[in-house]
Amino acid sequence: MLPIARQSAYLFGRDRLVADIPVDHPSISKQHAVLQYRFVSAEGGRVVKPYLIDLDSANGTFLNGQKMEGSRYYELKNADMIKFGFSSRDHVIMSEDAD
């Protein structure tokens, strides 16, 4: 388990010099995707929610088995599964305040 609420954004990729979370698989781009926390309007005010964007990677990013469009933000929800490129490793979003 890796806590991901300590900074506003995290870069996933193979380039260990710049990636916040290095992902070692040959199908993953050097700078593959970014998880970013954003303020959004909600009932009762503004809240912070996590979003994922694929940085036009060569082999794509998959959210719950569906390939994401490049350069488009997707809101992440509790239990969402993320896969980078052709890696067999799944990354699961786990919210601290989920029931």
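As shown above, the structure is provided for reference.
All of the points below concern the structure found in this document. It should be emphasised that the depicted structure is a prediction, and the values quoted were computed from it without experimental measurement. (Residues numbered from 1 in each chain as written. Predicted model: local features only at pLDDT ≥ 70, side-chain atom pairs only at ≥ 80, totals over all residues. Heavy atoms only, no water.)

## A look at the overall build of the protein chain
The helix and strand tally for the protein chain stands at zero helices and nine strands. Ordering the α and β elements of the protein chain from the N terminus gives β-β-β-β-β-β-β-β-β. Relative to the globule expectation of 13 Å for 99 residues, the C-alpha radius of gyration of the protein chain, 13 Å, shows essentially globular dimensions. Here the C-alpha coordinates of the protein chain stretch approximately 45 × 30 × 25 Å along the principal axes. Partitioning the intrachain contacts of the protein chain with sequence separation of at least 6 by distance along the chain shows that 28% fall at a separation of at least 24. Taken as a whole, the protein chain presents about 6700 Å² of accessible surface, with 49% of it coming from carbon and sulfur. Looking at the protein chain, you have 12 positive and 13 negative side-chain charges, and the mean spots of the two groups are 5 Å apart. (Helix = DSSP H or I, 4+ residues; strand = E, 2+ residues; numbered from the N terminus. Rg over C-alpha atoms; globule rule 2.2 N^0.38 Å. Contact = heavy atoms within 4.5 Å. Areas by Shrake-Rupley, 256 points an atom, 1.4 Å probe, with all protein chains shown as cover. Lys, Arg positive; Asp, Glu negative; His and termini not counted. Charge placed at Lys NZ, Arg CZ, Asp CG, Glu CD.)

## A word on the nonpolar core
One finds Phe-12, Leu-35, Leu-52, Leu-63, Leu-76, Ile-82 and Phe-84 to be the most contacted residues of the largest nonpolar core, which totals 15 residues. Listed by contribution, the elements that provide at least two residues to this core are strand S1 (9–13), strand S3 (33–42) and strand S8 (81–84). When near neighbours in sequence (up to four residues on either side) are disregarded, Leu-76 contacts Leu-35, Pro-50, Tyr-51, Leu-52, Leu-63, Ile-82 and Ile-93. (Core = buried A, V, L, I, M, F, W, Y, C linked by side-chain atoms within 4.5 Å. Buried < 20%, exposed > 50% of the residue type's maximum accessible area, 1.4 Å probe, protein only.)

## Focus: the sheet that holds S8
Spatial ordering of the open sheet is given by S6-S5-S8-S9, a layout of four strands whose pairing is antiparallel. Taken across any chain shown, the strands that pair with only one partner, and hence form the sheet edges, are strand S6 (66–67) and strand S9 (91–92). Pairing between strand S5 (residues 61–63) and S8: three bridges, direction antiparallel. The residue of S8 that forms the bridge with Phe-62 is Lys-83. (Pairing = 2+ DSSP bridges.)

## A few points about a nonpolar patch on the surface
Taken together, the side chains of Met-81, Val-92 and Met-94 define a hydrophobic patch exposed on the protein surface, amounting to about 290 Å² of accessible area. Inspection of the secondary structure puts Val-92 in strand S9. (Patch = residues over 30% accessible without salt bridge, like charges linked within 9 Å, V, L, I, M, F, W, Y side chains within 5 Å. Salt bridge = Lys/Arg side-chain N within 4 Å of Asp/Glu carboxyl O.)

## A short note on the pairing of strand S4 (residues 45–54)
Examined bridge by bridge, S3 and S4 share 10 bridges and lie antiparallel to one another. Each residue of the ladder has a partner; that of Val-34, found in S4, is Ile-53. Hairpin connection between S3 and S4: a loop of two residues separates the two successive antiparallel strands, and Gly-44 in this loop has a positive phi of roughly 85°. Here S4 runs beside strand S7 (residues 73–75); their pairing, made up of three bridges, is antiparallel. Of the residues in S7, the one forming a bridge with Leu-52 is Tyr-74.

## Points about the pattern of salt bridges
Should the charged atoms of two oppositely charged side chains come close, the side chains can pair. Applying the stated criterion across every chain yields a total of four salt bridges. Arg-16 is the salt-bridge partner of Asp-24, the closest N and O atoms lying 2.4 Å from each other. Taking the shortest distance from any N to any O, the salt bridge between Asp-90 and Lys-83 comes out at 3.5 Å.

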